[in-house]
Amino acid sequence: MAEKTYREALKEAMTEEMERDESVLLLGEDIGVYGGTHLITDGLLDMFGKKRVIDTPISEAGFTGAAIGMAMMGLRPVVEMMTWNFSFIAADQIIQNAAKVRYFSGGQVQVPLVIRGPNGGGVQLSAQHTHSLESFYGHFPGLKVVAPVTPADVKGMMISSIRDPNPVIFLEAGALYGTRGEVPEGEHTVPFGKARVAREGSDVTLVAYGRQVLLCERAAERLAEDGIEAEVIDLRSIRPLDEETVIESVRKTHRAVSVQEQWRYYGVSSEIAAIIQEKAFDYLDAPVERVSGAEVPAPYARNLELMCFPSEEQVVEVARRVLYQEV
Amino acid sequence: MATRSLVQAIHDGLAEEMRADETVMVMGEDVGRAGGVFRVTEGLQQEFGPYRALDTPLAESLIVGAAIGLAANGMKPVAEIQFADFIPPAFDQIVSEAARFRYRSNNAWNCQITVRAPYGHIPGGALYHSQSVEAWFCNVPGLKVVAPTYPADAKGLLKAAIRDPDPVIFFEHKKAYRLLKQEVPENDYTVPLRKAKVHREGTDMTVVSYGVMLHLVLEAAEKLAGEHGIEVEVVEPLTLYPLDKATILESARKTGKFLVVSEANLEGSVSGEIASIVAEEAFEWLDGPVMRLGAPNVPGIPFAKPLMDWYVPDLERIQGKMLELARY
């Protein structure tokens, strides 16, 4: 296996799928001539031409709506949101059309559509470019929502998403585009609704997705120095959610901390905590706690931004608290 | 006191605020000449003229965007979204603009708007006229999300929302509009935001609910008391975000058993947050898991009546879930 960046893994998955299947095409703002604001699609215009790598106007509702129409007619569009914040303009298209067309056509019309782009923060883009949208889109049946963190999963989940007959919300960790990891060559798919045990442990379960998985892994290393073995679960899919893997882990460790970058109330961690306490109540030795971002729009200043997002120290501290080892 | 339905109480609240403060205005699709599709704004244009009861084009992003601009210039607009289902085109204005106005301007500006929207199931409403959209806005700091059920609460909360200096999203269950009448005070009064209400006291379990489900929960609670001697405490959040955690936790610690009922599809709904708060902060008091009852994972409420009845929790299912929790 070759080592590749998160960015290269994304591009590789899209390139391979475009070579394999000519109905796959890309749309978005500045993805062609400019190569993408985050350089994910760099060079693809030259490889596939302007009919398959389409530079669109700055109009999220327009190009998302167009992509839904293309998907309904048999193409497999992959839409780039420059940041997921901008998808609010296209929210009506995504939740009222893409998510419901298959249902209200009685299964006659499918929408094989992928919408991808950076979600969350970490790179000083401030209040209107740092919104985390996983709990918002995760509420809608009819959508699949994924948030991979390793380059291998990024490639595997992008290929699975492009091949899926339903709309997929593909949430990328924008701050990790340059991180590296082993990526399998060629055909490599990762199923939806299957979490990954990122680290095995027996004392406490840390549940996370996206960028926070790495944070939990680092926190787990620190806990291990004191003899606490944390199990880290990388959800990978938000919808469908792999309840089984999470519950199985909690039944083993009896304690859980759910970690997310987004705002505390009504976030994905709320749902995770609600599920754990409902399905593993008799196994729990402590309340399920949550570590979340601060309840403010994301600040621009680096020092404030760092204060707003969960830290290693917070995860360590809360893990100790559910182990009743408060310091 | 006057006897008023939910729809009349909200109408009265709007009219009284408009009489008391000439910067208060209503705007939306068909709210003026036609008096609103649900008749909430009936007569307001006759009384206050076309500029304070403003008919807008079919463009939700414009309705909310213009309201934000009006608020920035000293007005207190109450924008009506005809059905809550139509709100997505206005998401960006609500979430990226209204909610962040105060924060981004470092407190120099506020955004005093109220966005009213009828939500929830009605027979035949189906995919685009029956959705429960409240959770969509509850993960957005900067917003307040309100969902009253009874006429007197709704009128007082609406007045509080209009007078609040920050944006409030005000959800009205359209099936509750004419479901019952209640004595509503005629004098000027407000019901505080961020404060939950205990509708029925009980000792054996707590059930939190709102909207039409609340009516069913209260009915089920009476039946459980009569048939099984189980006393259910029923709490309505009134403000869904930010939640009145104190009232909810106090009740949970008293009864030790907790159920949340809403008609939204379960995953990612309001009930998840309430359940996680109770499980986190009242863990040692709980005698069973916090249970939730909601709609299944289906992309929309079905049009066909039998399918809709299957989708939306009914009295029998609510009562069944309460008994399951009682017996845990």
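Look up: the structure comes first, before these words.
Here goes a summary of the coordinates provided. (Residues numbered from 1 in each chain as written. Chains lettered and ligands numbered in written order. Predicted model: local features only at pLDDT ≥ 70, side-chain atom pairs only at ≥ 80, totals over all residues. Heavy atoms only, no water.)

**Looking at the overall build of chain B**
We apply this condition: Numbered from the N terminus, helices here are DSSP runs of H or I no shorter than four residues, and strands are runs of E no shorter than two. This radius of gyration counts C-alpha atoms alone. The globule rule is 2.2 Å times how many residues there are, raised to the power 0.38. Each residue's exposure class comes from its accessible area (1.4 Å probe, protein chains only) as a fraction of the maximum for that residue type: buried when under 20%, exposed when over 50%, partly exposed otherwise. Contacts are assigned to residue pairs that have any heavy atoms within 4.5 Å of one another. Using the Shrake-Rupley algorithm and a 1.4 Å probe, accessible areas are obtained, with residue cover drawn only from the displayed protein chains. When charges are tallied, Lys and Arg are placed among the positive residues and Asp and Glu among the negative ones, while His and the ends of the chain are skipped. Here the site of a charge means atom NZ of a Lys, CZ of an Arg, CG of an Asp or CD of a Glu.
The helix and strand tally for chain B stands at 13 helices and 14 strands. Against the globule reference of 20 Å for 328 residues, chain B gives a C-alpha radius of gyration of 20 Å, in line with a compact fold. C-alpha extents for chain B along the principal axes are approximately 60 × 45 × 40 Å. Split into buried and exposed, the 328 residues of chain B put 66% on the buried side. Within chain B, counting contacts between residues at least 6 apart in sequence, those at least 24 apart form 82% of the total. When the accessible area of chain B is evaluated, it comes to approximately 11,300 Å², of which 52% is carbon and sulfur surface. When the 32 positive and 44 negative side-chain charges of chain B are each reduced to one mean point, those points stand 1 Å apart.

**Examining the sheet that holds strand β14 (residues 291-295) of chain B**
Residues and elements named next belong to chain B. What counts here: Pairing between strands is defined by DSSP: at least two bridges between them are needed. Geometry is summarised by axes, namely lines fitted to C-alpha atoms with helices restricted to the contacting stretch, and by angles between N-to-C directions that run from 0 to 180 degrees.
Spatially, β9-β11-β10-β13-β14 is the arrangement adopted by the five strands of the open sheet, whose pairing is mixed. Every other strand in the sheet has two partners, leaving β9 (197-200) and β14 as the edge strands with one partner each. The sheet shows a mean angle of 25° between the axes of neighbouring strands, taken without regard to direction. Strand contacts of helix α10 (residues 245-255): β9, β10 (205-209), β11 (232-236) and β13 (258-265), with the helix running at about 170° to β11, the strand carrying the most contacts.

**Let's talk about the interface of chain B and chain A**
A common way to state how big an interface is: give the accessible area lost once the parts meet. Short version of the rule: Here a salt bridge means any side-chain nitrogen of Lys or Arg lying within 4 Å of a carboxyl oxygen belonging to Asp or Glu. Counted as a polar contact is a pair of N or O atoms within 3.5 Å, where, for protein atoms, one must be capable of donating a hydrogen and the other of accepting one, and residues adjacent in sequence contribute only when both atoms are in side chains. Amino acid classes used here: Ala, Val, Leu, Ile, Met, Phe, Trp, Tyr, Cys and Pro are nonpolar; Asp, Glu, Lys and Arg are charged; the rest, including Gly, are polar.
The partner chain A presents 52 residues to the 55 residues of chain B that form the contact. Here chain B and chain A share six salt bridges between them. Between the two partners, chain B and chain A, sit 31 residue pairs in polar contact (both at pLDDT 80 or more). If you list the elements that add at least two residues to the side of chain B that touches chain A, you get α4 (91-97), α5 (101-104), α6 (126-129), α7 (135-138), β12 (239-241), β13, α11 (270-281) and β14 of chain B. A class-by-class count of the residues in the side of chain B that touches chain A yields 30 nonpolar, eleven polar and 14 charged.

**Quick word on the sheet that holds strand β7 (residues 168-173) of chain A**
Residues and elements named next belong to chain A. Pairing is mixed in the open sheet, where seven strands are placed in the order β3-β2-β4-β5-β7-β6-β12. The sheet terminates laterally at β3 (53-55) and β12 (237-239), the two strands that pair on one side only. Between one strand axis and the next, the sheet turns through 20° on average, direction left out of account. Sheet analysis places strand β2 (residues 24-28) next to strand β4 (residues 76-80), joined by five bridges and oriented parallel. The residue of β4 that forms the bridge with Gly 28 is Glu 80. In the packing of helix α7 (residues 151-163) onto the sheet, contacts are made with β2, β4, β5 (114-119), β6 (144-146), β7 and β12, and the angle to β7 comes to roughly 160°.

**As for the packing of aromatic side chains**
Residues and elements named next belong to chain B. Quick note on the threshold: Here is the rule: rings of Phe, Tyr and Trp (six-membered ring for Trp) pair when centre to centre is within 6.5 Å. Planes less than 30 degrees apart are stacked, more than 60 are edge-to-face, and the remainder are tilted.
Evaluation of the coordinates by the stated rule reveals 21 aromatic pairs over all chains. Arranged with centres 5.3 Å apart and planes meeting at 65°, the rings of Phe 38 and Phe 83 form a pair that is edge-to-face. Residue Phe 38 is found in the loop between β2 (24-28) and α2 (44-48), and its partner Phe 83 is found in the loop between β4 (76-80) and α4; the two are separated by 45 residues along the sequence. Relative accessible area serves as the criterion here: at 15%, Phe 38 is assigned to the buried category. We classify Phe 83 as buried; its relative accessible area is 11%. Ring geometry for Phe 137 and Phe 171: centres 6.1 Å apart, planes at 45°, overall tilted. Of this pair, Phe 137 sits in helix α7 while Phe 171 is found in strand β7 (residues 168-173), placing the two residues 34 residues apart along the sequence.

**Observations concerning the environment of Pro 118 of chain B**
All names here are of chain B. With respect to the helices and strands, the residue Pro 118 is situated in strand β5 (residues 114-119). In this structure, the C-alpha to C-alpha distance between Pro 118 and Ser 130, residues twelve residues apart in sequence, is 9.1 Å. Look past the residues within four positions of Pro 118 in its chain and what remains in contact with it is Phe 38, Ile 81, Gln 82, Phe 83, Ala 84, Glu 172, Lys 174 and Tyr 177.

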